Amino acid sequence: MTVVAAVSHNVTDGLYIVAFALFIYGMSGLTGPRTAVRGNLIAAGGMAIALISTLLQPHVFSGSSTPWLMALGLVLGTAIGIPAARNVRMTAIPQMVALFNGVGGGAVALIAWIEYRHHFGGNFPLKTEIPSLLAAIIGSISFWGSNIAFGKLQELIPGRPIKLPAQVVVNLGLLLVTIVSTVILAAGTHSQALFILGILVAAAILGNMVVLPIGGADMPVVISLLNAFTGLSAGLTGIALNNTALIVAGMIVGASGTILTNLMAKAMNRSVPAIIAGGFGGEVAAPDGGDIDRGPVKSTSPQDVAIQLSYARQVVIAPGYGMAVAQAQHAVRELEKALESKGVEVKYAIHPVAGRMPGHMNVLLAEADVPYDLLKEMDEINPEFPRTDVTLVIGANDVTNPAAKNEPGSPIYGMPILEVDESGSVIVLKRSMASGFAGIDNPLFYEDKTSMLFGDAKQSVSEITAEVQAL
């Protein structure tokens, strides 16, 4: 039996090594759109191998109900996850990511609670108890914080910052409660009430209180940060359970999420502490121009836009969340092809935080079969604007707002933007003059070189394409 156990242990360890090697290799494929799908499938294969490896461990089936519970979990997870992922609209992908991320954090918190109950009143080694307690705190914060992020993105709750009096004091008090509770429990006190109230409930309230004051404009960073939290909590759970796959997968997610959070914060010229302390944002129905009279806007028609585009040498398309809402990516692709058939050079300007999550615009345009080499990141496309004849802004607000570089009093001042105002002419497609998710007005709309084409983006682009083809 000892030999059999040793062989089984070696096999599971070998499978775990294969699994997290596939995790790392698959994640490396996510660095580019050409390899992203393959990388995702490779990482998913690694997770399947990790699951099989876990099932092969002898102690997994030591309890009579364990196989049935695991089977039930697999069935429920598959029944919910696959239809949700297949049927979700591209505009709702950020909400789905926030929700699924929260589920991971919630699962970690429940596992930590089960482990505490399992060792309740008995010997709970500190090397297991401390990671488990920390995982419960971080997992609970991630779960409830992700739910608030989901609610803001889904517009179930206002996207604007929601602050309470003495918000920072309340947050610090809740954090102190979780730390003190952790110390008391780790010191040898056995109390399920303290675990539930001092760890799970206090962390849950803290998760809500941390995300509620963060405005919609900062939601991409928040989602990335909460994803890092979930990874960290999963890694701590792996340490508590002595599970190699959980440790490696959790640390990969935690590290990559932290790096992405930092990169996105830099792209917005904001620090992570400043974002957590309370952000800005939340779409408003009308421009918030304060006392500044920016003057009238200049409207245009699909016919005039088609003429400008058809006789241009270079056209840059700057997509934003409005394109996603209108599901206009396929229409944009048709317009691009119509212009290219007339000898016009077309490029796409992609801002790191355009949309509601990193890569949102890339995914939408890839869905419409836009060639990857036409997608230009901000640093690559900004030098191109001075020699661009026409820039077509489709539903992008904050990432094209010149207030970020011209108005020191603006909330987004200092944020790197797509410098579309440097191009010869700017055409903005919008439904109305409503502000973007940051909740501030865009002076670009009032410039002499800017023309506004109001209406549904998909319909407007289709009409422009028809006019281009008729010329």
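These numbers come from a predicted model, not from an experiment.

Q: Help me understand the overall build of the protein, please; the structure alone is not making it clear to me.
A: When helices and strands are counted, the protein shows 17 helices and 6 strands. Within the protein, counting contacts between residues at least 6 apart in sequence, those at least 24 apart form 78% of the total. Carbon and sulfur atoms form 65% of the exposed surface of the protein, whose accessible area is close to 21,600 Å².

Q: How do you make sense of a nonpolar patch on the surface when you look at a structure like this?
A: Among the surface-exposed residues, Val168, Leu172, Leu175, Ile179 and Val183 lie close enough to one another that they form a single nonpolar patch of about 450 Å² accessible area. Mapping Val183 onto the fold places it in helix α6 (residues 167–186).

Q: Hey, could you run me through the pairing of strand β1 (residues 314–319) in this one?
A: Side chains on a regular strand alternate between the two faces of the sheet. Counting buried residues in β1 gives 6 out of 6 residues, a clear majority hidden from the surface. Burial along β1 is two-sided: the residues Gln314, Val316 and Ala318 and Val315, Ile317 and Pro319 are all buried. In terms of strand pairing, β1 meets strand β2 (residues 345–350) through 4 bridges, oriented parallel. Bridging from a neighbouring strand, Ile317 pairs with Tyr348 of β2.

Q: Is there a simple way to explain the sheet that holds strand β5 (residues 425–430) in this structure?
A: The pairing of strands in a sheet comes from backbone hydrogen bonds and takes either a parallel or an antiparallel form. Strand order across the open sheet formed by 6 strands is β3-β2-β1-β4-β5-β6, with parallel pairing between neighbours. Two strands bound the open sheet, and with one partner strand each, they are β3 (375–377) and β6 (450–454). Averaged over all adjacent pairs, the angle separating strand axes in this sheet is 25 degrees, with direction ignored. Sitting on the sheet, helix α13 (residues 329–340) touches β1, β2 and β4 (390–394), and the angle it makes with β2 is about 145 degrees. Taken strand by strand, helix α14 (residues 360–367) contacts β1, β2 and β3, and its axis lies near 145 degrees from that of β2.

Q: Teacher, can you tell me more about the nonpolar core here?
A: Generally speaking, nonpolar side chains in soluble globular proteins are found buried as a group. Ranked by size, the top nonpolar core spans 42 residues in total, and within it Leu309, Tyr348, Leu392, Ile394 and Ile464 carry the most contacts. Residue contributions to this core peak at 5 residues, all from α13. For Leu392, the contacting residues outside a window of four places in its chain are Val305, Leu309, Val316, Ile317, Ala318, Leu335, Ile427 and Leu429. Val211, Val222, Met433 and Leu444 belong to the second-largest nonpolar core, a separate cluster that totals 34 residues.

Q: How should I be thinking about the packing of aromatic side chains in this particular structure?
A: The geometry of an aromatic ring pair is captured by two quantities: the separation of the ring centres and the angle between the planes. A full pass over the atoms with the stated rule returns 2 aromatic pairs. Judged by centre distance (4.8 Å) and plane angle (15 degrees), the ring pair of Tyr116 and Phe195 falls under stacked. Of this pair, Tyr116 sits in helix α4 (residues 93–118) while Phe195 sits in helix α7 (residues 192–211), and the two are 79 residues apart along the sequence. Residue Tyr116 is classed as buried on the basis of its relative accessible area, which comes to 3%. Ring centres of Phe143 and Trp144 lie 5.0 Å apart, and the angle between their planes is 85 degrees; this geometry places the pair in the edge-to-face category. Its relative accessible area of 25% is what places Phe143 among the partly exposed residues.

Q: Before we go on, may I ask you to explain the packing of α13 against helix α17 (residues 457–470) in this structure?
A: Pairs of packed helices are described in terms of their axes, by the angle between the two and the distance that separates them. The interhelical angle for the contact between α13 and α17, taken along N-to-C directions, is 20 degrees, at an axis separation of 9 Å. Comparing the axis directions of α13 and α17 gives the class roughly parallel. For the pair α13 and α17, the sense of crossing is left-handed. Here Ala331, Val332, Glu334, Leu335, Ala338 and Leu339 of α13 come into contact with α17, specifically with Lys458, Val461, Ser462, Ile464, Thr465, Val468 and Gln469. When the residues that make up the contact of α13 with α17 are grouped by side-chain class, the tally is 8 nonpolar, 3 polar and 2 charged.

Analysis parameters
Residues numbered from 1 in each chain as written. Predicted model: local features only at pLDDT ≥ 70, side-chain atom pairs only at ≥ 80, totals over all residues. Heavy atoms only, no water. Helix = DSSP H or I, 4+ residues; strand = E, 2+ residues; numbered from the N terminus. Contact = heavy atoms within 4.5 Å. Areas by Shrake-Rupley, 256 points an atom, 1.4 Å probe, with all protein chains shown as cover. Patch = residues over 30% accessible without salt bridge, like charges linked within 9 Å, V, L, I, M, F, W, Y side chains within 5 Å. Salt bridge = Lys/Arg side-chain N within 4 Å of Asp/Glu carboxyl O. Buried < 20%, exposed > 50% of the residue type's maximum accessible area, 1.4 Å probe, protein only. Pairing = 2+ DSSP bridges. Axes fitted to C-alpha atoms, helices over the stretch in contact; angles between N-to-C directions. Core = buried A, V, L, I, M, F, W, Y, C linked by side-chain atoms within 4.5 Å. Phe/Tyr/Trp six-rings, centres within 6.5 Å; stacked < 30°, edge-to-face > 60°. Parallel < 35°, antiparallel > 145°, perpendicular 65-115°, else oblique. Left-handed = near helix turned anticlockwise from the far one by under 90°. Nonpolar A, V, L, I, M, F, W, Y, C, P; charged D, E, K, R; others polar.

Geometry only, nothing functional implied.
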